[in-house]
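Here is how the chains run, residue by residue.
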Amino acid sequence: MDDLASTVAVDAQPIHPSHFVQFYETDAFLCDAVAEYLILGLRAGEPCAVIATEAHRDGLAQQLRARGLDVARAEADHRLVMLDARRTLDACMEGDHPHPERFREVVGGVLASISSATSAQRIRAFGEMVDLLWRDGRSEDALKLEELWNDLATRHSFSLLCAYGLDAFSSRRSVPAICATHGHVLPPEPVAPRAAEQECALDLVSLVTEIARRMQIERVLRASLLAQREAMGALRRAEADARDREEALSHFLETAVVPIHTIDGDGLITWANQAELDLLGYARDEYVGQPIARFHVDAPVHEEMIRRLLAGDVVHDHEARMRAKDGTIRHVLVSSRGDLRDSELVSTRCFSRDITERKHAEQERDRLIEELMRTVHLNEMFTSVLAHDLRNPLNTILLAGQTLMGRADDTIGARALQRLTRSVARMQGMLDQLLDFSRARINGGISLDRKLADAGVIARDVAEEVRGAYPEAAIELCADGDLRGELDVDRIAQVLSNLVGNAIQHGRGDVPVALRLEGVSPDAITITIANGGTISAELLPLLFAPFRGAHQRGPRSQGLGLSLYLSDQIVRAHGGTLAAWSRDDRTELTVVLPRRAAWSGARSAFAARPAAAAELHQRRHVGSATDDSLRMLIRSIRDYAIFMLDPAGYVMSWNTGAELINGYSADEIIGQHFSLFYPREERRSGKCERELAIAERTGHYEEQGWRLRKDGTPFWANVLITAVRDPGGELVGFAKVTRDLTEERLAKEAQRQSEERFRLLVEGVAEYAIFLLDPEGHVSTWNSGAERINGYRASEIIGKHFSAFSTEEDLRAGKAETELEIATRDGRFEDEGWRIRKDGSRLWANVVLTALHDASAKLIGFAMVTRDLTERRKHEDDRIRLAQAQEAVRLRDEFLSIASHELKTPLTVLRMQLETLRKRFARTDPSIATQLDRTHRASQRLTELVETLLDASRIATGQLELRRETFDLATLVREVVDRMGEGSSAARCTVTCHLAEGICGTWDRSRVDQVLTNLLANAFKYAAGTAIEVSAHGGPGIALLEVRDHGPGLPPGREAALFHRFERAASIQHYGGLGLGLYVVDQIARAHGGDAIAANAPGGGARFRIELPLHPQSKAMNV
Amino acid sequence: MSNKHLVFVIEDDLDIRCSIVELLEESGYHTVGAENGAAALELLRAADRSPCLILLDLMMPIMDGETFHGELRKQPGWSTIPVILMSAYRDVAERAARMQVEHLVKPVGVDELLEVTRRYCRRI
């Protein structure tokens, strides 16, 4: 049925859904069908318009009446309007064709008038005009008219039934066209089979039927399509919404400051936001799609994360290192959540936090601390080395001086030698002081060699020595009592010598210095040094401070201003005190020295209570009183009713407690029966007699029960009745002890409630571990804080001894037991210390143990409150370490500066005297000349060392200044090599020069000289006996100076470190030297804007290269 | 064979070594100087008799004082030679106690040196 297809296009819109077409054969069928159509409408309140032939109008009217309609009435009401089809049709025509406007006017007008007359919303219409046209053979006009009807439906609300007689159709060809103009094709009139002519009719009917069916299907399809479209629309809207949300979220994520990325199940990056790309510096296509493992520096870290995600964990702040595009490493904390399906990781969302700066700061700080700590460690070596290096030359000078003293026969020479020797002694003294100072401040204290000694003897020796040094001074020595103690003899002598010497220097010459020793106290020796003179109030507090400033020094002050400081340090090292007092032209310095070294037991965070022992003693000895006292005691007891009953139960005695508890006065109750105290029911039941009987039989009766007070109020009592017998065993009576438990009962209840509240509180506290121990120290309760801090779950720890939290050392020392003891004795123990968690890690905790007692003061256990201070302590520790290290370095620099300055004075004297002596003796006595040469060399060495120290300290405090001048490098090199000829031959080194001429630069001549000198001196020392090459040549804008030897070379890997302060290539055992020479070389090079490089030369030996820019550039000095 | 007592001075500092050697020589002792422990051992082997005293510095290149002393004590012929430590280090006392020898703290004066040498080189 091809022609059908063209009509039943599913997407075509229906012309008018309520436009029906009815095909009929017989008029009867038609009228019946239309009448049914109309009556349904009328019953539904829809007025009807009928445009039909006369015959059909009559037929319809008949059918309507048959269906119960009052047709006349309906017409009168305008509910039914019947019009002639032909006349109406003619009214709509213009010429031979239906005219749209006319049709609208006429038919529309009819509908409008019906509508306004009836106020109906909808009209039912039946029209035959189209049939007329069709029968007239004007099929096109008929179709046109159908279209006009359809158009009218857009203006008026009506349904339309058209009818076509089947007899008007000669072929089936036009049927589809007609159907196409209608919304519904009603089932045609069934036709009974007849002749061939009817075959055509049958065919038409079946066609119509088929069309009708098809149109029905079409309607259903269309409806479902619409529904689908509707649903799709809703879906699309939802999708659009979701997309919007997703976009918003995506935008949010994309622009979020936090780096975020997602990874699929194969570990490939599926998405990354801008922050993530910025973090590592990649473009999107360089990052997304790549395996994330590629960007992880440490594969194990990444694998660990994966492992945890696969286990279903949420990874939080996992530390990782990521490779950025520029090759740098970023430190991040990654938080990640994975989607698991069937134990496989489908996707992962990762959030990163860039902690690179923090990490670097931490690493920097750690490095700084390490470096500082190393430098602090080097102090140890430094002080030792300093001692060695400075003392050797001193020793030479001393020996020479002393030898020559015996020889010199002329007074000038003798005096010079004397001065020389004294200078040495002064320097020696200063050195000693400085070293002591460094020990006290930098190395953490002066160590003592204590032996049993007599302070009086020491004082006598010192007095004698001081008298020798100050012949004019008067010293009065007075010793009293036992002056023995554990003392470092040399050090105490030093102290006394210092103090007495000071007293003489600063005191009034006319007042003798008193040195008084007192050994009366069993624990300590007191030494007083007094002189005439006053120390001002401003100066007094600073008396024992190191390096008393120049403005504070008196005119007779000598030396470094360290003697009083060191004396104080020595006294403190002994555990004693040094104090000064000055008033009215009299000054006293008092030293108190403990006879014995102080007990250095474990530091305790508590103070012992001396009264505790006494209390305990008291408690145990409350007994032993006479009868009278006992009676008095009983009488005065207020908490218990204690009274006697005669054998029959009558009250014989009464105490204060009984009066307070029961309410009766003694007068009121004595002689009464004790059943008075019992509730009526119990009295009636004979309870009292029963109690007495039991007490008599068994010796005592005890119970808790209700008793009555005088005013009738009941109280809960604990009652004890004891049978009292005479020595013969005869019953004398009963002793009754009653205790009012009412308060107790209420208190107990209240306590229980408060305990409950407390328990909940404790349970909930997470910051503190609060738990109970039994009297032996086993854990009996646990709270969430305890679990968090210690790591144990309640089930794992309850019942265990609390020493489980102790460190190994504490376990060995039995600290836990001690803590319990102290808590028991003092009621409380508090401590800060290391504890061990369940996983073995350490925590720094503040622990408070409180002993708990019941009402009878019996120990029932301990409450333990622990607070985790680990983080705080770690920060504290780091802070302290850093501060200490910095302080140590600062002090060492201070020391260097003072040492070098102070040593120069006697050195200057020394050199002057030596010059004098040389001039004097060089010509006359050659052997003396040799010795003097030796001392001259020694003093030179001393000077150099001191200069180096000074330089080092200047550099450390940023004071190295260059005095530049232009000169030729080769010339300078030759000068220096020349000057060091003696040294090179002594070291059996040959020095050859390869010097390019004409290298001129603007440098500090003496400093460059110093550099070369230091390098050569180094070479002589460490590469003795080998060939040394010095070369100087130029590069663009730069001069290169090199010193190369053929010695053992440098330890590989530590070449750069050689230029650090106090660094040394060789072990201290073998080579002396302060380790400052190369440091100074490096600093001078840098100060010029250049550099110093050390390396092992090819073919063996060390090579030092100094790069010096020819002219000054603006380059900051690296200190 | 000389009648004089033999004293060894083992000290790496040239000037001090020479000063002490000179001083002792002038005081009548045959004195031999060595710049480190290894050289001293060589000289000991080569000597025709044992010294009556060895003055020993601690800090020296090639072989230091403590190592030398250890080597010395290993040889039965030398183990009884008196040794006195000389050092600028304040902990020389502890080291000397450990080595069971006497010690002098630098700077050592003429009198001190002469006194200690006299003490050990008294008997012939």
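Residues numbered from 1 in each chain as written. Chains lettered and ligands numbered in written order. Predicted model: local features only at pLDDT ≥ 70, side-chain atom pairs only at ≥ 80, totals over all residues. Heavy atoms only, no water.

1. A few points about empty space enclosed by the protein
Moving on, step 1. Using the criterion set out here, one finds 5 cavities of 30 Å³ or more in the structure.
Moving on, step 2. Taken as a whole, the largest cavity encloses approximately 90 Å³ of empty space.
Moving on, step 3. Contributing elements (two or more residues each) for the lining of the largest cavity: strand 9 (260-264), helix 13 (299-310), strand 12 (329-341) and strand 13 (344-354) of chain A.
Moving on, step 4. Ranked by the residues each element gives to the lining of the largest cavity, the list is headed by helix 13 of chain A, at 4 residues.
Moving on, step 5. Empty space within the second largest cavity amounts to approximately 50 Å³.
Moving on, step 6. Lining of the second largest cavity is provided by A:Leu399, A:Ala400, A:Thr403, A:Gln931, A:Arg934, B:Ser19, B:Glu22, B:Leu23 and B:Glu26.
Moving on, step 7. Within the residue set of the lining of the second largest cavity, elements represented by two or more residues are helix 14 (356-407) and helix 31 (926-956) of chain A together with helix 1 (14-26) of chain B.
Moving on, step 8. Tallying contributions element by element places helix 1 of chain B first for the lining of the second largest cavity, with 4 residues.
Moving on, step 9. Of the residues assigned to the lining of the second largest cavity, the class counts are 3 nonpolar, 3 polar and 3 charged. (1 Å grid on protein atoms, 1.4 Å probe; cavity = no way out; pocket = protein on both sides within 12 Å on 5 of 7 lines; lining within 4 Å. Points joined across faces, edges and corners; volume = space filled by probe spheres on them. Helix = DSSP H or I, 4+ residues; strand = E, 2+ residues; numbered from the N terminus. Nonpolar A, V, L, I, M, F, W, Y, C, P; charged D, E, K, R; others polar.)

2. Some thoughts on the side chain of A:His331
Moving on, step 1. Positionally, A:His331 belongs in strand 12.
Moving on, step 2. When residues no more than four places from it in sequence are discounted, the contact partners of A:His331 are A:Ala320, A:Arg321, A:Arg353, A:Asp354, A:Ile355, A:Thr356, A:Lys359, A:His360 and A:Gln363. (Contact = heavy atoms within 4.5 Å.)

3. Some thoughts on the sheet that holds strand 30 (residues 990-995) of chain A
Residues and elements named next belong to chain A.
Moving on, step 1. Spatially, the 5 strands line up as an open sheet ordered 30-32-33-35-34, and their pairing is mixed. The open sheet is flanked by strand 30 and strand 34 (1091-1096), the only strands paired with a single partner. Taking the axes of each pair of neighbouring strands and ignoring which way they run, one obtains an average angle of 15 degrees across the sheet.
Moving on, step 2. Inspection of the sheet shows strand 32 (residues 1027-1035) paired to strand 33 (residues 1038-1044) by 7 bridges, in the antiparallel sense. Residue pairing across strands places His1033 opposite Leu1040, the latter belonging to strand 33.
Moving on, step 3. Those strands touched by helix 32 (residues 969-979) are strand 30, strand 32 and strand 33, and its axis lies near 175 degrees from that of strand 30.
Moving on, step 4. Sitting on the sheet, helix 34 (residues 1005-1022) touches strand 30, strand 32, strand 33 and strand 35 (1102-1109), and the angle it makes with strand 32 is about 150 degrees. (Pairing = 2+ DSSP bridges. Axes fitted to C-alpha atoms, helices over the stretch in contact; angles between N-to-C directions.)

4. Some thoughts on unusual backbone geometry
Moving on, step 1. Notably, A:Arg988 is not glycine yet its phi reads approximately 55 degrees, a positive angle.
Moving on, step 2. We note that B:Gln100 has phi near 60 degrees; this positive angle belongs to a residue other than glycine.
Moving on, step 3. Within the secondary structure layout, B:Gln100 lies in the loop between helix 4 (92-99) and strand 5 (102-105).

5. Side note on the state of the cysteines
All names here are of chain B.
Moving on, step 1. This structure, assessed with the given rule, holds 1 disulfide over all chains.
Moving on, step 2. The partner cysteine of Cys52 in its disulfide is Cys121, sulfur to sulfur 2.3 Å. Disulfide Cys52-Cys121: torsion about the S-S bond near 85 degrees, hence right-handed. Taken together, the residues span a long stretch of sequence, with Cys52 in the loop between helix 2 (37-46) and strand 3 (53-57) and Cys121 in the segment after helix 5 (110-120) at a distance of 69 residues.
Moving on, step 3. With a relative accessible area of 4%, Cys121 lands in the buried category. (Disulfide = S-S within 2.5 Å. Buried < 20%, exposed > 50% of the residue type's maximum accessible area, 1.4 Å probe, protein only.)

6. Section: the pairing of strand 27 (residues 842-853) of chain A
Residues and elements named next belong to chain A.
Moving on, step 1. Where strand 26 (residues 828-836) and strand 27 come together, 9 bridges link them in antiparallel fashion. Across the sheet, Glu830 pairs through a bridge with Val848, a residue of strand 27.
Moving on, step 2. Taking the residues that link successive antiparallel strands as the turn, the strand 26-strand 27 hairpin has 5 residues, and the phi of Gly840 there is positive, at about 90 degrees.
Moving on, step 3. Adjacent in sequence and paired antiparallel, strand 27 and strand 28 (residues 859-868) are bridged by 5 residues, among which Ala857 carries a positive phi angle near 65 degrees.

7. Details of a nonpolar patch on the surface
Moving on, step 1. Taken together, A:Ile306, A:Leu310 and A:Leu340 make up a surface patch of nonpolar side chains, about 210 Å² in accessible area.
Moving on, step 2. In this fold, A:Leu340 is placed in strand 12. (Patch = residues over 30% accessible without salt bridge, like charges linked within 9 Å, V, L, I, M, F, W, Y side chains within 5 Å. Areas by Shrake-Rupley, 256 points an atom, 1.4 Å probe, with all protein chains shown as cover. Salt bridge = Lys/Arg side-chain N within 4 Å of Asp/Glu carboxyl O.)

8. Some details on helix 34 of chain A
Moving on, step 1. In this model, helix 34 of chain A (18 residues) spans 26 Å end to end at C-alpha, consistent with the 26 Å of a helix rising 1.5 Å per residue.
Moving on, step 2. Within helix 34 of chain A, the full set of buried residues consists of A:Arg1007, A:Val1008, A:Asp1009, A:Gln1010, A:Val1011, A:Leu1012, A:Thr1013, A:Asn1014, A:Leu1015, A:Leu1016, A:Ala1019 and A:Phe1020. (Expected span 1.5 Å × (residues − 1).)

9. As for the nonpolar core
Residue and element names in this part refer to chain A.
Moving on, step 1. Counting 43 residues, the largest nonpolar core has Phe23, Phe103, Met129, Leu145, Trp149, Phe158 and Tyr164 as its most contacted members.
Moving on, step 2. By residue number, the principal contributor to this core is helix 10 (residues 196-255), which donates 6 residues.
Moving on, step 3. Not counting residues within four places of it along the chain, the set of residues in contact with Phe23 comprises Phe29, Tyr164, Leu166, Phe169, Val175, Ile178, Cys179, Pro188, Glu189 and Val208.
Moving on, step 4. One finds Met980, Val1008, Ala1019 and Val1043 within the second-largest nonpolar core, a separate group that totals 42 residues. (Core = buried A, V, L, I, M, F, W, Y, C linked by side-chain atoms within 4.5 Å.)

10. Let's talk about the pattern of salt bridges
All names here are of chain A.
Moving on, step 1. The full count for this structure, using the stated rule, is 55 salt bridges over all chains.
Moving on, step 2. Note that Asp831 is salt-bridged to Lys815, the shortest N-O span being 2.6 Å. Pair noted here: Asp831 is in strand 26 and Lys815 is in helix 29 (residues 815-826), with a separation of 16 residues, a long-range link.
Moving on, step 3. We classify Lys815 as partly exposed; its relative accessible area is 24%.

11. A few points about helix 13 of chain A
All names here are of chain A.
Moving on, step 1. Compared with an ideal rise of 1.5 Å per residue, which puts 12 residues at 16 Å, helix 13 spans 16 Å between its outermost C-alpha atoms and is within 8% of the ideal.
Moving on, step 2. When helix 13 is considered as a whole, its buried residues turn out to be His302, Met305 and Leu309. Seen from one end, helix 13 has its buried residues packed into an arc of 55 degrees, which puts them on one side. The exposed residues of helix 13 that point more than 90 degrees off its buried face are Pro300 and Glu303.
Moving on, step 3. Turning to helix 13, the residues buried within the fold contact strand 11 (315-323), strand 12 and strand 13.
Moving on, step 4. Gly312, located one to two residues past helix 13, shows a positive phi value of around 90 degrees. (Arc of directions from axis to C-beta.)

12. Considerations on the confidence of the model for chain B
Caution applies to low-pLDDT parts of the model: their predicted coordinates are not meant to be read in detail.
Moving on, step 1. In this model, chain B carries a mean pLDDT of 86, and residues with pLDDT of at least 70 account for 93%.
Moving on, step 2. Quick note on the complex model: pTM equals 0.39, ipTM equals 0.72. (pLDDT = per-residue confidence, 0-100.)

13. Points about the sheet that holds strand 3 of chain B
All names here are of chain B.
Moving on, step 1. Taken in spatial order, the 5 strands of this open sheet run 2-1-3-4-5, and their pairing is parallel. Only two strands of the sheet have a single neighbouring strand rather than two, namely strand 2 (30-34) and strand 5. When the angles between neighbouring strand axes are averaged without regard to direction, this sheet yields 20 degrees.
Moving on, step 2. Together, strand 1 (6-10), strand 3, strand 4 (83-87) and strand 5 form the strand contacts of helix 5, whose direction differs from that of strand 5 by roughly 165 degrees.

14. Some points on the confidence of the model for chain A
Moving on, step 1. Per-residue confidence for chain A gives a mean pLDDT of 79, with 80% of residues at or over 70.
Moving on, step 2. Counting contacts from residues 599-627 of chain A, a segment whose pLDDT is below 50, to residues more than four positions away or on other chains yields 12 contacts.

15. Some words on the packing of helix 3 (residues 65-74) of chain B against helix 4 of chain B
Residue and element names in this part refer to chain B.
Moving on, step 1. Two numbers describe how helix 3 lies on helix 4: the axes approach to 12 Å, and their chain directions differ by 15 degrees. Comparing the axis directions of helix 3 and helix 4 gives the class roughly parallel. The two elements helix 3 and helix 4 meet at a crossing, and its hand is right-handed. Residue-level contacts link Gly65, Glu66 and His69 of helix 3 to Arg95, Arg98 and Met99 of helix 4. (Parallel < 35°, antiparallel > 145°, perpendicular 65-115°, else oblique. Left-handed = near helix turned anticlockwise from the far one by under 90°.)

16. Describing the pairing of strand 32 of chain A
Residue and element names in this part refer to chain A.
Moving on, step 1. As paired strands, strand 30 and strand 32 are joined by 6 bridges and run parallel to one another. Bridge assignment links Leu995 to a residue of strand 32, and that residue is Ala1032.
Moving on, step 2. The hairpin turn running from strand 32 into strand 33, its antiparallel successor, is 2 residues long, and Gly1037 in that turn takes a positive phi close to 70 degrees.

17. A closer look at the packing of helix 2 of chain B against helix 3 of chain B
When two helices pack together, their arrangement is given by the angle between the helix axes and the distance between those axes.
Residue and element names in this part refer to chain B.
Moving on, step 1. Two elements in contact, helix 2 and helix 3, have axes whose closest approach is 9 Å; the angle formed by their N-to-C orientations is 30 degrees. If you check the angle between helix 2 and helix 3, you find them roughly parallel. The way helix 2 lies across helix 3 gives a crossing that is right-handed. Where helix 2 approaches helix 3, its residues Gly37, Ala40, Leu41 and Leu44 are matched on the opposing element by Phe68, Glu71 and Leu72.
Moving on, step 2. Grouping the constituent residues of the contact of helix 2 with helix 3 by class yields 5 nonpolar, 1 polar and 1 charged.

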